[in-house]
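Tertiary structure, described
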Amino acid sequence: MSYSDNMFASLFDKQKANQFNIGNTNYKERVIKLKKLKHALESTYKQDIRDALYADFKKPQLEVDLTEIYPVIDEIKYVSKNLKSWLKKQHVGTPLAMLGSSSYIINEPKGVCLVISPWNYPINLTFGPLVSAIAGGNAVILKPSEMTPNTSRLMAKIVADLFDENEIALVEGEVETSQALLELPFNHIFFTGSPAVGKIVMKAASKHLTSVTLELGGKSPTIIDDSVNIDKVVGKIIYGKFMNAGQTCIAPDYVLVDERIKESFITSFKKQVSKFYSEQPESSEAYSRIVNKKHFSRLNELLEDSKSQNAKIDSGGQSNDENNYIEPTLISDLNEDSKLMQEEIFGPVLPLKTYKTLEEAVDYINSKEKPLALYIYSKKKKNINYILDNTRAGGTCINHNLLQYLNHNLPFGGSNNSGIGKSHGYFGFLEFTNQRSLLKQHTFGAVDLLKPPYNNWKQKIVD
Ligand code: NAD
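Computed from a predicted model, the values in this text were never measured in an experiment.

Some remarks on the pairing of strand 14 (residues 349–355)
Sheet topology note: the strand 9 (residues 254–258)/strand 14 ladder contains 4 bridges and is parallel. Bridging across to strand 14, Asp 258 finds its partner in Tyr 355. Looking at chain direction, strand 13 (residues 329–332) and strand 14 are connected through 4 bridges and run parallel. Within strand 14, the residue paired with Thr 329 across the bridge is Val 349.

Encoded structure:
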């Protein structure tokens, strides 16, 4: 269903009017909803999802299964298993001074929530937060990205098929649609996207003091010291960087390598990239396209800017504007002020920078915004600990990349410029609930002795 601007307010009002019906559901009823979504993703609409993402940017089918469908199904399984305990009124201690009282925490629904999602993993990043929102007992309006229209249209169909719009609705549209929705007094906004738009969302939320979760991006560095097995490390980096053609928020944005292993890194990269994607990555079915002309041009401009400053293309560098193809590319000798070293790349271009000492590498990372992910490759515990102790990041994976995203026992999210709040598992559930404190006083409370007048408390004990 498509909505016009003035229909958003009435949709919001309908969900608001319905919020206690949704919020008062027990864990079993919420799990039934989650299972409906699970069935749609793993069965009814599985092939449609693969087709839509292929039509949008030639995403390989196996990548769709592994990075779009599977993580949501896995999240549903995990949440379904644990929701009963998360919804239990939690009994906590009460200080002696409040003798005669009992204390509890209730995870109550926030109410009506807005989820705004990006285009790079549209199924995962729209339905993933939806799982947490349903678990929390909320009404939800979803607004996916306009840049993957086939997938957004399909998601609208899935949502309309599974849920009543008084409870969960999906609104398609451009930036103006997001802006119109952001005018409404939601109880929570869960936004995934760029830091620049994150600031717009937070500003809009402040008007209603709406709480926010901001899952943002930025430049995620990778440090490699000279103790590693270079072939193994380069293979892992190629996998993480060129999956989805580099359009992954936690992809290694650039690598910082000990200068003694720079040449072996380049040699291994050339050898392995053709193993992954053949000598002609353009014809490989394992390699995606850039999502649209705008991002294709942006990435080519980043490359041209660096080339004009005498950066060296060590591998790749070809592109084809007929199909938004950019070859997996390794580039070195970059000027620090080049756009490739300043902006989040979000594409298949990997800058290689060398360092002489770990201190230098750490100082370089700390001169930039806090990253969403920081990757460390080393066999030396001392080096790993030094980097961990002297940097800050949303998350870190040691001797691999991306994997930190997949464990629901870990909170996923950034810090400051790379994000506010966390998602996945219990952490995602917490974002969509308010931890309501409940103190129940029984017949007698010690604090009653402290009422005015303050000069006769001994008499009150006697009374
Ligand atoms: P984006 O910020 O441009 O857009 C995200 C969403 O915001 C879209 O639905 C879009 O319609 C909406 N939007 C865009 N401009 C808006 C505006 N002015 N006002 C209101 N809404 C607006 O991001 P994108 O290009 O879709 O995705 C790429 C970015 O997202 C990268 O920075 C990436 O690192 C980040 N990202 C982060 C995560 C994470 O989990 N932390 C995951 C994926 C992507």
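Having seen it, we continue.
Some remarks on unusual backbone geometry
Of note in the backbone geometry, Asn 310 takes a positive phi value of approximately 65° without being a glycine. With respect to the element layout, Asn 310 can be found in the loop between helix 11 (293–308) and strand 10 (312–315). For Asn 399, which is not glycine, the phi dihedral falls at a positive 65°. Turning to its location among the elements, Asn 399 is positioned in the loop between strand 16 (395–398) and strand 17 (419–420). Asn 399 sits in the partly exposed class, given 16 other C-beta atoms within 10 Å.

Focus: the sheet that holds strand 10
Reading across from one edge, 10-13-14-9-8-15-16 is the order of the 7 strands in this open sheet, with mixed pairing throughout. The open sheet has two edge strands with one neighbour each: strand 10 and strand 16. Neighbouring strand axes in the sheet, compared pairwise and without regard to direction, differ in orientation by 25° on average. Across the face of the sheet, helix 10 (residues 262–277) comes into contact with strand 9, strand 10, strand 13 and strand 14 while running at roughly 55° to strand 10.

Topic: the UniProt feature "domain: Aldehyde dehydrogenase" (unreviewed entry) in the chain
Residues annotated by UniProt as "domain: Aldehyde dehydrogenase" (unreviewed entry) correspond here to residues 18–437. The span residues 18–437 shows a helical share of 45% and a strand share of 19%, and its end C-alpha atoms are spaced 24 Å apart.

Focus on the confidence of the model for the chain
Interpreting fine coordinate detail is not advised for predicted regions of low pLDDT. In this model, the chain carries a mean pLDDT of 96, and residues with pLDDT of at least 70 account for 97%. Here the predicted complex carries an ipTM of 0.98, next to a pTM of 0.96.

Comments concerning the sheet that holds strand 18 (residues 433–441)
Here 3 strands make up an open sheet; going across it, the order is 1-2-18 and the pairing antiparallel. Both edges of this open sheet fall to strand 1 (90–92) and strand 18, since each of them pairs with a single strand only. Adjacent strand axes in the sheet meet at a mean angle of 30° when their direction is disregarded. Pairing between strand 2 (residues 101–109) and strand 18: 9 bridges, direction antiparallel. Its bridge partner being in strand 18, Ile 105 is matched across the sheet by Ser 437.

What counts and what doesn't
Residues numbered from 1 in each chain as written. Predicted model: local features only at pLDDT ≥ 70, side-chain atom pairs only at ≥ 80, totals over all residues. Pairing = 2+ DSSP bridges. Helix = DSSP H or I, 4+ residues; strand = E, 2+ residues; numbered from the N terminus. Buried ≥ 20, exposed ≤ 12 C-beta atoms within 10 Å, placed from the backbone. Axes fitted to C-alpha atoms, helices over the stretch in contact; angles between N-to-C directions. Contact = placed C-beta atoms within 7 Å. UniProt positions renumbered as here; feature names shortened; annotations may be inferred. pLDDT = per-residue confidence, 0-100.

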